[in-house]
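If you want the building blocks of each chain, they are given just below.
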Amino acid sequence: MSALAAEYNAINLGQGFPDFMMPPALTQLVNEAMQQGHNQYAHMNGLPLLRERIAEKIATLYSTNINPDTCITITPGGTYAIYTALTTVLQPGDEVIVFEPAFDSYLPNIEINGGKPVLIPLTFPDYAIDWQLVKQCITPKTKMIMLNTPHNPTGSVLGSDDIEQLRQIVKDTGIFILSDEVYEHLIYDGKKHESILRYPDLLERSFVCFSFGKTYHCTGWKLGYCIAPPQLMKEFRKVHQFNCFSCNSPVQYALATFIQQQDHYLKLGTEVQQKRDYFQQLMGQTRFKALPSYGSYFQLYSYASITDESENDFAIRLCKQNGVAAIPVSVFYKQETNKQVLRFCFVKNEQTLEAAVNRLMKL
Ligand SMILES: Cc1ncc(COP(=O)(O)O)c(C=O)c1O
């Protein structure tokens, strides 16, 4: 859709990236790090100071003590952390439970490791997990359950009930958990982020993946981290050592300082919620109908009252004829589906959102 948006000069509310500036103090810190000569390979596991500061942040936010030496590895983005975790544990034939719609890298990452995705649809239209169905899908081959909260593409978030159900299901099994929490701070309406890091009994079998790109409005920097217990992290690092080996040094130095500014991430949810609300208010002038979004960069909108077209056909027509790019939610499913919903990214300047909605009002 981004290529089509560029070709047709459309406003791109498809791909998830902010079109506003990241904190200038952070780019300044990267400049300084480069000028101070921090331009050579960083420690394989990530700059020790950055890992220490991440551990401090986690202790404050989630009341969990994480050993920065043995449990944290800095990675080139969240996607790489997810891929590496899957590669660490999967053997050919292993089953991995994935909830659909699912972030696009999950399935290829499982399949390239010889794993078999076991696909469970989230309920519609609230995109919740049907835990009864999960229980029925567990087999002796189930190696891992993949979670994503806040969720891309739907904006749904897990609650404490979900955590309790998960606990019951994995108790006394060898099932691993991969928890994709790249939107940990992009959570709205006073909801609490149910990080796996809060639950020591779940954390002991988990890889928890994060992205600095989402938290600091710099998706192009591709830096993130993974947290896992020592015995799992030891294996994760064996894969990491001969793949990426070491991440961008100056950005790690800069983040080690900037991460101490708690205000930035503590206020993020409120700031970005204002964008969601502004977009929703503007969209009220169109025939699109909002589905709830409690987190992430995204909100789904139903176009059922506009047309019967498939999500794919409508998204292409919207881009070519109306000049607005959005993502058909069906692309996040393996089998063809059509719920007549499109994903819109609202982390944009007000002018961008206004210009897009002016075009959507004509439908
Ligand atoms: C759910 C989810 N996981 C992981 C990622 C990837 O994060 P990164 O850009 O740090 O690789 C994204 C980015 O869009 C995402 O939406």
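Residues numbered from 1 in each chain as written. Predicted model: local features only at pLDDT ≥ 70, side-chain atom pairs only at ≥ 80, totals over all residues. Heavy atoms only, no water.

## Examining the overall build of the chain
When its secondary structure is counted, the chain shows 15 helices and 13 strands. By principal-axis analysis of the C-alpha atoms, the chain measures approximately 55 × 55 × 35 Å. Taking as baseline every contact in the chain between residues at least 6 positions apart, the subset at least 24 positions apart corresponds to 76%. Carbon and sulfur atoms make up 49% of the accessible area of the chain, which amounts to about 15300 Å² in all. Seen as two clouds, the 31 positive and the 35 negative side-chain charges of the chain have centres 1 Å apart. (Helix = DSSP H or I, 4+ residues; strand = E, 2+ residues; numbered from the N terminus. Contact = heavy atoms within 4.5 Å. Areas by Shrake-Rupley, 256 points an atom, 1.4 Å probe, with all protein chains shown as cover. Lys, Arg positive; Asp, Glu negative; His and termini not counted. Charge placed at Lys NZ, Arg CZ, Asp CG, Glu CD.)

## What to know about the sheet that holds strand S2 (residues 72-75)
Spatially, 7 strands are ordered S2-S8-S7-S6-S5-S3-S4 in an open sheet, and the strand pairing comes out mixed. Since the sheet does not close on itself, it has two edges, and those belong to S2 and strand S4 (116-121), each with one partner. Direction aside, neighbouring strands of the sheet carry axes that sit 20° apart on average. Against the sheet, helix H11 (residues 230-241) touches S2, strand S6 (176-180), strand S7 (206-211) and strand S8 (224-227), its axis set at about 25° to S2. (Pairing = 2+ DSSP bridges. Axes fitted to C-alpha atoms, helices over the stretch in contact; angles between N-to-C directions.)

## Topic: the site of the ligand
Around the ligand, the surrounding shell consists of Gly77, Gly78, Thr79, Phe103, Asn148, Asn152, Asp180, Val182, Tyr183, Ser211, Lys214 and Lys222. Contact between the ligand and Thr79: an oxygen atom at 2.6 Å from a side-chain N or O atom of the residue. A distance of 2.7 Å is found between an oxygen atom of the ligand and a side-chain nitrogen or oxygen belonging to Tyr183. With the chains in place, 92% of the 390 Å² that the ligand exposes on its own is no longer accessible. (Near = heavy atom within 4 Å. Polar contact = N/O pair within 3.5 Å; in protein donor to acceptor, adjacent residues only side chain to side chain.)

## Observations concerning helix H12 (residues 249-258)
Extensive coverage of H12 is indicated by the burial of 8 of its 10 residues. What H12 keeps buried is the set Ser249, Pro250, Val251, Gln252, Ala254, Leu255, Ala256 and Phe258. On its buried face, H12 is in contact with helix H2 (24-35), helix H3 (48-62), S2, helix H10 (212-215) and helix H13 (262-283). Its side-chain oxygen at 3.1 Å from the backbone nitrogen of Val251, Asn248 defines the N-terminal cap of H12. (Buried < 20%, exposed > 50% of the residue type's maximum accessible area, 1.4 Å probe, protein only.)

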